[in-house]
Amino acid sequence: MKSAVGLFPVLLSAALISGCSSTSGSGEAGGSGSPSGTPTTTASAGIPGCAPACLSGLSDPGTLQAGSYRTTHFFNGQLKVTLKGRWESHEDQPVEFSVAPEGNWDTHRVLFWSDIIPVGKNQKRAAGVPSTTSGLLAWLKGRPNLHVSEPRSSTVGTSSLPAKLVDIEISSKAVNEASDCPARACADFLTWPNAGDNIYGIAEPAVLRLYLADVRYGGKSHLFAIGIKGKDQADLKVFLPAAEQLIASASAPVNPA
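Parameters at a glance
- Residues numbered from 1 in each chain as written.
- Predicted model: local features only at pLDDT ≥ 70, side-chain atom pairs only at ≥ 80, totals over all residues.
- Heavy atoms only, no water.
- Disulfide = S-S within 2.5 Å.
- Buried < 20%, exposed > 50% of the residue type's maximum accessible area, 1.4 Å probe, protein only.
- Core = buried A, V, L, I, M, F, W, Y, C linked by side-chain atoms within 4.5 Å.
- Helix = DSSP H or I, 4+ residues; strand = E, 2+ residues; numbered from the N terminus.
- Phe/Tyr/Trp six-rings, centres within 6.5 Å; stacked < 30°, edge-to-face > 60°.
- Lys NZ or Arg CZ within 6 Å of the ring centre and 35° of its normal.
- Salt bridge = Lys/Arg side-chain N within 4 Å of Asp/Glu carboxyl O.
- Polar contact = N/O pair within 3.5 Å; in protein donor to acceptor, adjacent residues only side chain to side chain.
- Pairing = 2+ DSSP bridges.

Caption draft 1: Region of interest: the state of the cysteines. A complete count under the given rule lists 1 disulfide for this structure. Between the sulfur atoms of cysteine 181 and its disulfide mate cysteine 186 the distance is 1.9 Å. Disulfide cysteine 181-cysteine 186: the torsion about the S-S bond is 85°, which places it as right-handed. The pair formed by cysteine 181 and cysteine 186 is uniform in burial state, with each residue classed as buried.

Caption draft 2: Structural context of the nonpolar core. Core analysis: the biggest nonpolar cluster contains 33 residues, and Val81, Val110, Phe112 and Phe224 have the highest contact counts within it. Ranked by residues supplied to this core, first place goes to helix α2 (residues 233–249) with 6 residues. Counting residues in each nonpolar core, the second largest holds 30 residues, with Trp139, Leu140, Val166 and Ile170 among its members.

Caption draft 3: Up close: the environment of alanine 127. Mapped onto the fold, alanine 127 is located in the loop between β8 (117–118) and α1 (133–141). Among the residues examined, alanine 127 registers a relative accessible area of 73% and is labelled exposed.

Caption draft 4: Quick peek at the packing of aromatic side chains. Within the structure shown, the criterion is met by 10 aromatic pairs. Three or more aromatic residues joined by ring pairs make a cluster, and in this case those are Phe74, Phe75, Tyr217 and Phe224. Residue placement shows arginine 109 over the ring face of tryptophan 105; its charged tip is 3.7 Å from the ring centre.

Caption draft 5: Layout of the pattern of salt bridges. Throughout the structure, instances matching the rule amount to 5 salt bridges. Between arginine 209 and aspartate 167 there is a salt bridge, with its nearest N and O atoms 2.7 Å apart. Placement of the pair is arginine 209 in strand β14 (residues 207–217) and aspartate 167 in strand β11 (residues 161–170), with a sequence separation of 42 residues. One exposure class covers both arginine 209 and aspartate 167, and it is buried. Linking glutamate 204 and arginine 184 is a salt bridge whose minimum nitrogen-to-oxygen distance equals 2.9 Å. Note that glutamate 204 is positioned in the loop between β13 (200–203) and β14 and arginine 184 in the loop between β11 and β12 (186–191), a separation of 20 residues in sequence. With a relative accessible area of 25%, glutamate 204 lands in the partly exposed category.

Caption draft 6: Representation of the side chain of asparagine 198 within the structure. Checked against the element boundaries, asparagine 198 lands in the loop between β12 and β13. Only 2.7 Å separates the side chain of asparagine 198 from the backbone oxygen of alanine 195, close enough to count as a polar contact.

Caption draft 7: The pairing of strand β5 (residues 87–93), seen in detail. Here β5 lies mainly inside the structure; 6 of its 7 residues are buried. Two strands pair when backbone bridges link them, and strand β2 (residues 62–64) and β5 are joined in this way by 3 bridges, in the antiparallel orientation. Residue pairing across strands places glycine 62 opposite serine 89, the latter belonging to β5. As paired elements, β5 and strand β6 (residues 96–101) share 5 bridges and run antiparallel to each other. Paired with aspartate 92 across the two strands is phenylalanine 97, which belongs to β6.

Here it is, written out as structure tokens:
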């Protein structure tokens, strides 16, 4: 696995492959691993109710042409988005599908996530947090190393799924949580089902605009999340129009919970 520090100094991320083995670090990282299982449901059958464990699979779509794109693994291949211009993606798997305008992968991107799990500063799953929008938001607000804006009502996708939106940054009083942090302070706060040691966090001055929606598919309730990541507030502001257009174009066979 490549060194995370050398790839991007303002975001913490690791490869998010079900059952893979890797560690988190300061920067944007990609890794590889063997899928831990075999899909048992075809895409045409809809999205399986896979929480807390999802089907294995990993795809690196590379450059995406303008127009409609349908995921290979995320949401069991049932998420569709419309791209204006050329984009690129290096994550299309059960727990994440992420895209960026071509050539800007290390600067800003849009991340679609399923069933995210809160992580404390000890990099362990936070106990007792409901897997709901309200549960995760309450926990995030209580995380001392993060500054989380007041939640705002929003919608996502062509079906206008009700969602809550917050901006997440490193607190001005944050105590650094990562030994290889490239900035004054870094904080990890999310992981996924079957993610192993893979975690997600940010390093100052990165900002994550996070949409959270309670949805149902596969006969179960799930927490659907979409992140818009910018290297700082100014970068986020510039990227927002393209990111919001992409999110508004998204469709999948899910219903509000």
